[in-house]
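The lines below spell out each chain.
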Amino acid sequence: MMKPIRVLVAKPGLDGHDRGAKVVARALRDAGFEVIYTGLRQPPERIAEVALQEDVDAIGLSLLSGAHNTIFPRLFAELHARELDDLLVFGGGVIPEGDVPGLKAMGVAEVFGPGTPTAAVIDFLKGRLAA
Amino acid sequence: MSADLAGKVLAGSRRALARALTLAENGEAAEVLRALVPHTGSARVIGVTGPPGAGKSTLVDGLAKVLRARGESVGIVAVDPSSPFTGGALLGDRLRMNDLALDPGVFIRSMASRGSLGGLARRTGDLVKILDAAGFATVLVETVGVGQSEVDVAAAADATLLVLTPGMGDGIQAIKAGILEIADAIAINKADLPGADRLDAELAAMLALAPPAPWTPPVRRTAAATGEGIAALLDALDDFHAWQAETGERARRRARRCRAELAAALEDGIRAQVLAALPRDGIEAVIARVEARRLTPADAAAELLAAARLPEPGADGRILEFY
Ligand SMILES: Nc1nc2c(ncn2[C@@H]2O[C@H](COP(=O)(O)OP(=O)(O)OP(=O)(O)O)[C@@H](O)[C@H]2O)c(=O)[nH]1
Ligand SMILES: [Mg+2]
């Protein structure tokens, strides 16, 4: 039997919009992924712990608040503390072009800007994770 | 690696526990389960079922908080439906359990039903066993919100909590469909909304009409969103567990579960063995005759099975008596 890919879609930050995260979560479900969604305002520590308990293959962060340069490092520190350094982490939302190289150097596998078709996210995950 | 994994689960590694649960979910945990099953049996397993949106996840969150306040550890398996079309799933139960996420005495695992009907996934029972072996005192199992005939959970748990809500159009429908029979306790959740009195009265009338049984499910009102009534609901579940232990009912239920699990495992094995014994060559020719409407599917199956030279059914009926 084929094993579904499990993805945690998380929405850190203090802003109250999770439309983008929900759109991605539904698109991934419709593409055959098992998606864990935990709602708004998730602190990095909780995201890492949920990733551990759910044994996900990837974490997608939806960021609108401009806090990406602080949230990603905190998430990677929390993942490291749980020996989850190999997890595939990607981001989406409002992230300035100029910040992308820095995020990638830090370990973010891919950054999807606003308006990215969900198919691009699906192709990326399938490419990186298909068994 | 797997034997080591079981050791790490027993030693309390949450990472190993998560890995073991994944293996079990994928049906690849034979070795891990072999090592862990001797360490199971201490947890009390409570199934939480009820119609979609009744507040099962919120109630599981509330029950877990009361248990934690008492100092008990809690494992949670929350099942949500897989899409029958894509196989994908949106697992949102733990959205209601965010306060518990960082509690080291709690471990929550979301599970997709992966094609199973009846409210649980095929491997939910294996996940429960692993959490039991890992030492969680209580394991709460939330079913898919189906509301009709979640009999699976009654077989998988020591106690089944049925969650109903006032004013839901299909509430009484669900009860009519026979779901009341599997309830060991009933929560009237969203008791803050109008209609709780009426549902309470309807339930009392129905329970009074039920055939005499050694245990009548207690009915408790809860407002899971505020936590109101949850401690009293847990007390009612405690009463049931005490009664179950005293009367030997728990042991009987667990014994029935063993038989059902053996039957399910046997069916997997039987299917695989019989399929392997079917003749490779003639199958396409037989299918062609079915397509040409010269053979019924049942006769075609009988022909293939005859060619496989398996013993006749009924040759030794006693073997199947345990079913
Ligand atoms: N008014 C009120 N709303 C509640 C109560 N308990 C839960 N809810 C709300 O009911 C909605 C559904 O709650 P869930 O806990 O997700 O219900 P569920 O039964 O787990 O839903 P599914 O898993 O999708 O079947 C949420 O919006 C809750 O906030 C309650 O006691 N009173
Ligand atoms: Mg739920």
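Keep in mind it's a predicted model, so treat the numbers as computed, not measured.

All names here are of chain B. If you add up the space inside the largest pocket, you get close to 1100 Å³. Considering the residues around the largest pocket, the lining is formed by 38 residues, among which Arg 122, Gly 125, Asp 126, Lys 129 and Glu 261 are closest to the centre. When residues of the lining of the largest pocket are assigned to their parent elements, the largest contribution, eleven residues, is made by helix H10 (residues 249-277). A per-class count over the lining of the largest pocket returns 19 nonpolar, six polar and 13 charged.

All names here are of chain A. Running from N to C, helix H1 (residues 19-30) and helix H5 (residues 118-129) point in directions that differ by 55 degrees, and their axes come no closer than 10 Å. By the criterion of interaxial angle, the relationship of H1 to H5 is oblique. Crossing of H1 over H5 shows right-handed handedness. The segment H1 lies against H5, with Val 23, Ala 27 and Leu 28 engaging Thr 118, Val 121, Ile 122 and Leu 125. Looking at the contact of H1 with H5 residue by residue, the classes come out as six nonpolar, one polar and no charged.

Residues and elements named next belong to chain B. Spatial strand order, E4-E2-E5-E1-E6-E7-E8: seven strands in an open sheet with parallel pairing. Each of the sheet's edge strands pairs with one partner strand only, and the pair in question is strand E4 (106-112) and strand E8 (219-221). The average angle at which neighbouring strand axes cross in this sheet is 20 degrees, direction not considered. For strand E2 (residues 74-80) and strand E5 (residues 138-142), the ladder comprises five bridges, and the chain directions are parallel. Paired with Val 77 across the bridge in E5 is Val 141. Docked against the sheet, helix H9 (residues 230-247) engages strand E1 (44-49), strand E6 (159-164), strand E7 (185-188) and E8, running at close to 125 degrees with respect to E1.

The subject of this paragraph is the site of ligand 1. All names here are of chain B. In the vicinity of ligand 1 lie 18 residues, with Lys 56, Ser 57, Thr 58, Arg 96 and Asp 192 positioned nearest. Contacts to ligand 1 include Lys 56, whose side-chain N or O atom sits 2.8 Å from an oxygen atom. Contact distances for ligand 1 include 2.8 Å between an oxygen atom and a side-chain N or O atom of Arg 96. When ligand 1 is considered free in solution it has 660 Å² of accessible area, and contact with the protein chains removes 74% of it. In the shell around ligand 1, the residues fall into six nonpolar, six polar and six charged.

Moving on to helix H2 (residues 44-54) of chain A. Within H2(A), ten of the eleven residues are buried, which leaves it mostly tucked inside the rest of the structure. Along H2(A), the residues classified as buried are Pro44(A), Arg46(A), Ile47(A), Ala48(A), Glu49(A), Val50(A), Ala51(A), Leu52(A), Gln53(A) and Glu54(A). Each element contacted by the buried residues of H2(A) is listed here: strand E1 (6-10), strand E2 (34-37), strand E3 (58-63) and helix H3 (68-81) of chain A together with helix H2 (14-25) and E4 of chain B. With its phi angle positive at about 50 degrees, Asp55(A) sits one or two positions after the end of H2(A).

The strand order across the open sheet built from six strands is E5(A)-E4(A)-E3(A)-E1(A)-E2(A)-E3(B), with neighbouring strands paired in parallel fashion. Here the strands that pair on one side only, and so sit at the sheet edges, are strand E5 (110-112) of chain A together with strand E3 (89-91) of chain B. Going from strand to strand, the sheet's axes swing by 25 degrees on average, the running direction of each strand aside. Bridge count between E1(A) and E3(A): four bridges; the pairing is parallel. Bridge pairing in E3(A) links Leu8(A) to Ile59(A). Helix-sheet contacts for H5(A) involve E1, E3, strand E4 (88-93) and E5 of chain A, and the interaxial angle to E4(A) is about 170 degrees.

Cut-offs applied
- Residues numbered from 1 in each chain as written.
- Chains lettered and ligands numbered in written order.
- Predicted model: local features only at pLDDT ≥ 70, side-chain atom pairs only at ≥ 80, totals over all residues.
- Heavy atoms only, no water.
- 1 Å grid on protein atoms, 1.4 Å probe; cavity = no way out; pocket = protein on both sides within 12 Å on 5 of 7 lines; lining within 4 Å.
- Points joined across faces, edges and corners; volume = space filled by probe spheres on them.
- Helix = DSSP H or I, 4+ residues; strand = E, 2+ residues; numbered from the N terminus.
- Nonpolar A, V, L, I, M, F, W, Y, C, P; charged D, E, K, R; others polar.
- Axes fitted to C-alpha atoms, helices over the stretch in contact; angles between N-to-C directions.
- Parallel < 35°, antiparallel > 145°, perpendicular 65-115°, else oblique.
- Left-handed = near helix turned anticlockwise from the far one by under 90°.
- Contact = heavy atoms within 4.5 Å.
- Pairing = 2+ DSSP bridges.
- Near = heavy atom within 4 Å.
- Polar contact = N/O pair within 3.5 Å; in protein donor to acceptor, adjacent residues only side chain to side chain.
- Areas by Shrake-Rupley, 256 points an atom, 1.4 Å probe, with all protein chains shown as cover.
- Buried < 20%, exposed > 50% of the residue type's maximum accessible area, 1.4 Å probe, protein only.

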